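One letter stands for each residue in the lines below.
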Amino acid sequence: MYDGLPGQKRGILYVVAISLIFMQAGLWAGRRETQNNFPQNSLVKTQSLIPFVKSDGRPTIKEHPIPKLMSDAETRFRERLARQSKTLPDAVAEYKRRYGRDPPRGFDRWWQFAQDNGVLMTDEYDAVFEDLEPFWSISGRELRERASAAGHLPLIDLVRVRGGKSTAENIRDGPGTEVSARARGFLKMIEKFQDQLPDIDFPVNAMAEGRILVPWEYRNFPNLTEDSITDLLSGEYPPDWQGQGNVWEAYRRTCDPTSPARRLYSSFRASSTSQNRTSQLTARSHEFVFARNTNGNYSFCQNPWAHYNQGLFFSDWRTIPALFPVFSPAKASGYQDIRIPSHYYYAQTRRYTYGWDPVNLELKPVDHMETPWEMKSDKIFWRGASTGGGSSPPGFAAQYQRHRFVRMTSDESSTNRTIVFADPPSSTNYVYTSVPIGALNEEVMDVAFVKVVGSFNYPGGIGSLIRDHRFDDGGVNLGDHWKHKYLVDIDGMGYSGRFFSFLESDSAVMKATVYREFFEGWIQPWLHFIPLSSSYQEIYNIHSFFSGATPSTLRAANSTTLDAPPAKRRPIDGDRRLRRIARAGKQWKRTMGRRVDMEAYVYRLILEYARLCADDRDSMNFTL
């Protein structure tokens, strides 16, 4: 007869049960906590935790997330491409469906330009709508006045159209003063369409960083904006902060008053808050979580601590706290600049253009330094200067995006990383093991600074900067990148101007950015490039999926694959998939990232802007 468990056994079972409850609670809390890890947030979806199972006592993975990410990306892009309008009536109907109004006057000419030049994306201009929508709340006259007034602000040039002819001018510094390369680039982009425009001014940002940060109160109570504009234009408005304010404090004011960024009392002491928060970030980050996209929509208002890890919040250049129509090559979330294609993408130069022949001054279809895929290195490659932010306030350079990446990949310590890999190679049997990061970096990373910039802003000065990061004194040309299968693209002082050249190469691009550019609705992550989180923690597992386990990984796992010849250790399917991304990126650049595609974007943008500047906007509509 069963009389129950003896007291001792019941006690043991009770302790075990309680332990299990706490373990489950801890796992749940840990999972919930990771949802707020930078770069994760509700706007940038990521894969869930590793789907662990046990097989013969050895930890394995049920399914690797990357194949599905790639498959879903291709499906989404094909569907988007297939949906594009094929006729002018279709395009007009789609425009009205999306934006609730008629397209602007000249839309038929824009359509003909797009058709004549094989523009494939005929409907994906939500970026134009988003950037210009705030200006519908002010009159055409007010918009024209603000555009003209913007030319008197520092680091703003005016591209002016008068009588069908366009010029670029530096109004603030006077006649004959040189204008920025960005203004000259935009001038060139509108050249084909200048005769179709009324007399109009385009204020162009001379800097790489975004400029327009309108406080929440000004956006929601527009009558306050007039006072802010008067203040800006009265008296001296210096181009830099000069110790009076900083980008982060200006950015916080754009957030909702109930958001954590507005409710936070933030200290700027680099030795405490920022470094401690970053160490927690690194400790908690999941190395097998893959971002679905880059972080252009990341909410710094909801995650204010994350601003310590992005140099844009420490820029020395003063932002503008009023709604001026300023045209910029990129912007982070929260900014209200109007996006235009970068002059780096549009121009043809030795430093930023794939295939450019500086001797004969002509563009070649294949760069003279291009390397066949089979001869490319499997190492992850990056070179750049130690830029990434300013010194307002000083002392935070250690946490800027480039410094964090180079320091992570220069780490020679025995700190372990969890690596997932197929064993045997090319199989669907994925196992994982812990590997010292020092060994991994030696085997898979070729990352270094090539130039010291702003060492005074790094804690400990130039000595600490050089000690903590790898430097390559030899430097590199653009063509040296083509020797590698993996090219990393990371923000500098602003967006990265090398992205299009990387895409056009025969290498696969891994991109991390907090900036949004004009083409965001045209390109597809995991099809044309590999998106990286801003923590970079998953990069080792991306490499292991495509290129296989390194010798140190195989040794740590005690895998018999280590006895195989090196050529047999690489997963054939993984290398094929990586090459597919490289080819898709190249194809995208040559079909949707051409100069004429940028012109089509700008053409449509300036038609929309011209309507906004009109006194009678309805008269500037296009109807069939």
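Just so you know, these numbers come straight off a predicted model, no measurement behind them.

**Student:** Please clarify how the overall build of the protein should be interpreted in this entry.
**Tutor:** A tally of helices and strands in the protein yields 22 helices and 18 strands. For the protein, the proportion of its 624 residues judged to be buried stands at 56%. Considering only intrachain contacts with a sequence separation of at least 6, the fraction spanning at least 24 residues in the protein is 75%. For the protein, the accessible area works out to roughly 27,200 Å², and carbon and sulfur atoms hold 51% of it.

**Student:** What's the story with the state of the cysteines in this structure? I'm lost.
**Tutor:** Disulfide: a covalent bond connecting the sulfur atoms of a pair of cysteines. Per the stated rule, a full pass over the model turns up one disulfide. The disulfide partner of Cys255 is Cys301, and the gap between their sulfur atoms is 1.9 Å. Given an S-S torsion of about -80°, the disulfide between Cys255 and Cys301 has left-handed geometry. Remark: Cys301 occurs in the loop between helix 12 (270-284) and strand 6 (327-328) and Cys255 occurs in the loop between helix 10 (247-252) and helix 11 (260-263); sequence separation between them is 46 residues. Its relative accessible area of 1% is what places Cys255 among the buried residues.

**Student:** Would you explain the packing of aromatic side chains in this entry?
**Tutor:** Working definition: an aromatic ring pair is given by the centre-to-centre distance plus the angle between the planes. The final tally for this structure, using the stated rule, is 53 aromatic pairs. Taking the centre distance of 5.1 Å and the plane angle of 35° together, the rings of Phe202 and Tyr609 count as tilted. One end of the pair, Phe202, is in strand 5 (residues 200-205); the other, Tyr609, is in helix 22 (residues 595-612), with 407 residues separating them in the sequence. The class of Phe202 is buried, set by a relative accessible area of 0%. Residue Tyr609 is classed as buried on the basis of its relative accessible area of 1%. In this arrangement the basic side chain of Arg604 is found over the ring face of Trp110, its NZ or CZ atom lying 4.8 Å from the centre.

**Student:** So what exactly am I meant to see when it comes to the packing of helix 3 (residues 88-99) against helix 4 (residues 107-116) here?
**Tutor:** Relative placement of two packed helices is described by the angle separating their axes and the distance separating the axes. Contact pair helix 3 / helix 4: the axes reach a minimum separation of 11 Å and the direction vectors enclose 120°. Between helix 3 and helix 4, the angle is such that the two are oblique. Our pair here, helix 3 against helix 4, has a crossing hand that is right-handed. Within the contact between the two elements, helix 3 uses Leu88, Ala91, Val92 and Tyr95 and helix 4 uses Phe107, Asp108 and Trp111. Along the lines of polarity and charge, the residues of the contact of helix 3 with helix 4 split into six nonpolar, no polar and one charged.

**Student:** Whenever I open this one, the side chain of Thr294 confuses me. Can you help?
**Tutor:** In this structure, Thr294 sits in the loop between helix 12 and strand 6. A residue is classified by how much of its surface remains accessible, and Thr294, at 13% relative accessible area, is buried.

**Student:** What's the story with the sheet that holds strand 14 (residues 445-451) in this structure? I'm lost.
**Tutor:** Paired through their backbone hydrogen bonds, the strands of a sheet run either parallel or antiparallel. The five strands are arranged 14-11-15-16-18 in an open sheet whose pairing can be described as parallel. Two strands close off the open sheet at either side, each with one partner strand: strand 14 and strand 18 (530-531). Examined bridge by bridge, strand 11 (residues 377-385) and strand 15 (residues 484-490) share three bridges and lie parallel to one another. Directly across from Ile380, in strand 15, lies its bridge partner Tyr486. In this fold helix 14 (residues 401-410) packs onto strand 11, strand 14 and strand 15, with an angle of close to 135° to the strand it touches most, strand 14.

**Student:** Can you walk me through the environment of Ala322 in this structure?
**Tutor:** In this fold, Ala322 is placed in the loop between helix 12 and strand 6. Classification of Ala322 by relative accessible area gives buried; the value is 0%.

**Student:** Which parts of the structure should I look at to understand unusual backbone geometry?
**Tutor:** Most peptide bonds adopt trans geometry, and most residues besides glycine take a negative phi value. Note that the residue after Ser392, namely Pro393, is joined by a cis bond; omega there is -5°. Turning to its location among the elements, Pro393 is positioned in the loop between strand 11 and helix 14. In this structure, Gln242 is a non-glycine residue whose phi angle is positive, near 55°. Position of Gln242 among the secondary structure elements: in the loop between helix 9 (225-233) and helix 10.

**Student:** Got a minute to help me understand the side chain of Gln194 in this structure?
**Tutor:** Looking at the secondary structure, you find Gln194 in the loop between helix 7 (181-189) and strand 5. Leaving out residues up to four positions away in the same chain, Gln194 has contacts with Val161, Gly164, Lys165 and Ser166.

**Student:** Help me understand the environment of Asp201, please; the structure alone is not making it clear to me.
**Tutor:** Tracing the chain through its elements places Asp201 in strand 5. Overall, Asp201 belongs to the buried group, its relative accessible area being 8%. The spacing of Asp201 and Val159 is 42 residues in sequence and 5.9 Å in space, taken between C-alpha atoms. Setting aside residues no more than four positions away along its own chain, Asp201 makes contact with Ala147, Ser148, Leu158, Val159, Arg160, Arg162 and Tyr609. Among the polar contacts made by the side chain of Asp201, one reaches the side chain of Arg160 at a distance of 2.9 Å.

**Student:** Looking at this structure, I do not really get helix 2 (residues 65-83). What am I missing?
**Tutor:** Given a rise of 1.5 Å per residue, 19 residues ought to cover 27 Å, and the 27 Å separating the end C-alpha atoms of helix 2 matches this to within 8%. Turning to helix 2, its buried residues are Pro65, Ile66, Leu69, Met70, Ala73, Glu74, Phe77 and Arg80. Buried residues of helix 2, viewed axially, fall in a sector of 165°; they line one side. Projecting away from the buried face of helix 2 at angles above 90 degrees are the exposed residues Arg78, Ala82 and Arg83. Buried-residue contacts for helix 2 involve helix 18 (539-547) and helix 21 (572-591).

**Student:** What exactly am I supposed to notice about the pattern of salt bridges here?
**Tutor:** A pair can form between side chains of opposite charge whenever their charged atoms are brought close. Enumeration according to the criterion identifies 46 salt bridges in this entry. With a closest N to O distance of 2.9 Å, Glu74 and Arg78 form a salt bridge. Of this pair, Glu74 and Arg78 both sit in helix 2, four residues apart, which is roughly one turn of that helix. A relative accessible area of 18% means that Glu74 is categorised as buried. Residue Arg78 is classed as exposed on the basis of its relative accessible area of 54%.

**Student:** Hey, could you run me through the nonpolar core in this one?
**Tutor:** In globular proteins that are soluble, nonpolar side chains generally tend to be buried together. Within the largest apolar cluster, 159 residues are counted, with the highest numbers of intra-cluster contacts made by Phe202, Phe324, Trp526, Ile539 and Phe546. If you look at the next biggest cluster of nonpolar residues, it comprises five residues, including Phe421, Ala549, Leu554 and Ala557.

Cut-offs used in this document
- Residues numbered from 1 in each chain as written.
- Predicted model: local features only at pLDDT ≥ 70, side-chain atom pairs only at ≥ 80, totals over all residues.
- Heavy atoms only, no water.
- Helix = DSSP H or I, 4+ residues; strand = E, 2+ residues; numbered from the N terminus.
- Buried < 20%, exposed > 50% of the residue type's maximum accessible area, 1.4 Å probe, protein only.
- Contact = heavy atoms within 4.5 Å.
- Areas by Shrake-Rupley, 256 points an atom, 1.4 Å probe, with all protein chains shown as cover.
- Disulfide = S-S within 2.5 Å.
- Phe/Tyr/Trp six-rings, centres within 6.5 Å; stacked < 30°, edge-to-face > 60°.
- Lys NZ or Arg CZ within 6 Å of the ring centre and 35° of its normal.
- Axes fitted to C-alpha atoms, helices over the stretch in contact; angles between N-to-C directions.
- Parallel < 35°, antiparallel > 145°, perpendicular 65-115°, else oblique.
- Left-handed = near helix turned anticlockwise from the far one by under 90°.
- Nonpolar A, V, L, I, M, F, W, Y, C, P; charged D, E, K, R; others polar.
- Pairing = 2+ DSSP bridges.
- Polar contact = N/O pair within 3.5 Å; in protein donor to acceptor, adjacent residues only side chain to side chain.
- Expected span 1.5 Å × (residues − 1).
- Arc of directions from axis to C-beta.
- Salt bridge = Lys/Arg side-chain N within 4 Å of Asp/Glu carboxyl O.
- Core = buried A, V, L, I, M, F, W, Y, C linked by side-chain atoms within 4.5 Å.

Honestly, it's all geometry; don't read function into it.
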